[in-house]
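# Examination of the molecular architecture
Here are the chains, one letter per residue:
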Amino acid sequence: MKNILVVGGAGYIGSHVVEALMDDGFCPVIYDNLSTGHIESVPSEAAFVEGDIHDTALAERVMHDYHIDGVIHFAASSLVGESMAEPAKYYYNNVEGSLHLLTAMRNAGVKRIVFSSTAAVYGESDEVPIKENSRLQPTNVYGRSKLMIEQMLADYDMAYGMRYAALRYFNAAGASLARDIGEDHRTETHLIPLILKTAQGVRDKISVYGTDYPTKDGTCIRDYIHVCDLAKAHVLALKHLLAGGMSRVYNLGSEHGFSVREIIDYAKKVTETDFCVAHAERRAGDPAVLVASSERIREELGWVPVHSHIEEVIRTAWKWHKNHPYGYRSK
């Protein structure tokens, strides 16, 4: 049985990857400082260490003590707006923190890492769908910090033989089909949970930012992927590396785009609720269309998303939010 250190494993995507690892026979060790993660999402049967990626000595000791075979790295600050207002936080948490984690890995002799990257490395791409070789032109500090880490990983591969898989997510959504875990961000910026909180009455309205885009209904189009399909991709990427595979970069998306209006309509259907929708001005830097090509990971690793029909995505998210109107908190 392989022991895998899941850094940031108490967060939204991390907790679903822990579930997928356990289902596949791996032994995850969750390493999280709980600044944005939730201890409630940690399975009782999994090892948990409260720690920070800046604590190189602790991370190295954990890797030694648990005989870690590979790392999956989620720990990062991830709010686009905040990244522009507080760039120092993002370069410290994301870039310097990843450097400290890689230092611990080198010291512990761990040479396999799956990295949580982002579609934000592409910026406002003119290509539809976006492929891994599309131009990298991030328009915000968050995207730039993730691209810097990808470049760091490439250098560590070249110099130290540290193999990596960088997974560029588009829009993760939905909730576990088996466990009581879901999406709970203390500052929520993602469209689907914001819509569902509006359907619950936790929010009074959902705002649509821009209705004059060159799309079928004037609103932005995005690619949504179920978090359980996303988690499965991490397991496949990890297996590729553990089997001796070379470093790779993969997009993760459903390859289908849905507009903001379409997401709202699906949510009204699923929740059987008619809620308030307000129109607002465009936000700077919001591209009209972002849709992934996931052809590379389909062909190379055999990844096939099976839960990413948009209605199933929203239905699983709604089930969790109905039971957790204020997230993991009681209120």
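Everything here concerns the structure above.
Please read all numbers here as calculations on a predicted model, not as lab measurements. (Residues numbered from 1 in each chain as written. Predicted model: local features only at pLDDT ≥ 70, side-chain atom pairs only at ≥ 80, totals over all residues. Heavy atoms only, no water.)

What follows covers the pattern of salt bridges. As enumerated under the stated definition, the model contains 14 salt bridges in all. A salt bridge links R298 to E255; its shortest N-O distance comes to 3.2 Å. Of this pair, R298 sits in helix α9 (residues 295–301) while E255 is found in the loop between β10 (248–252) and β11 (257–259), placing the two residues 43 residues apart along the sequence. Members of the salt-bridge network, linked through shared partners, are D24, K232 and K239. (Salt bridge = Lys/Arg side-chain N within 4 Å of Asp/Glu carboxyl O. Helix = DSSP H or I, 4+ residues; strand = E, 2+ residues; numbered from the N terminus.)

Inspection of the entire model under this criterion finds four aromatic pairs. Judged by centre distance (6.1 Å) and plane angle (85 degrees), the ring pair of F258 and Y266 falls under edge-to-face. Its guanidinium or amino end placed over the ring of Y160, R106 lies 3.6 Å from that ring's centre, counting from NZ or CZ. A cation sits over an aromatic face here: R282 above Y213, 3.9 Å from the ring centre. (Phe/Tyr/Trp six-rings, centres within 6.5 Å; stacked < 30°, edge-to-face > 60°. Lys NZ or Arg CZ within 6 Å of the ring centre and 35° of its normal.)

Among the residues making up helix α2 (residues 56–65), those that are buried are T56, L58, A59, V62 and M63. In this structure, the buried side of α2 is in contact with β1 (3–7), β2 (27–32), β3 (47–50), β4 (70–73) and α4 (87–108). Looking one or two residues past α2, H67 carries a phi angle of roughly 50 degrees, positive in sign. (Buried < 20%, exposed > 50% of the residue type's maximum accessible area, 1.4 Å probe, protein only. Contact = heavy atoms within 4.5 Å.)

So, on to the pairing of strand β9 (residues 221–226). Most of β9 sits out of view: six of its six residues are buried. Residues I221, D223 and I225 point to one face of β9 and R222, Y224 and H226 to the other, with burial holding for every one of them. Summarising the sheet, strand β7 (residues 171–173) and β9 pair through three bridges and their orientation is parallel. Across the sheet, A172 pairs through a bridge with I225, a residue of β9. Across three bridges, the pairing between β9 and β11 is antiparallel. Pairing of D223 across the sheet is with G257, part of β11. Judged from the two bridges that link them, β9 and strand β13 (residues 289–290) form a sheet pairing that is parallel. (Pairing = 2+ DSSP bridges.)

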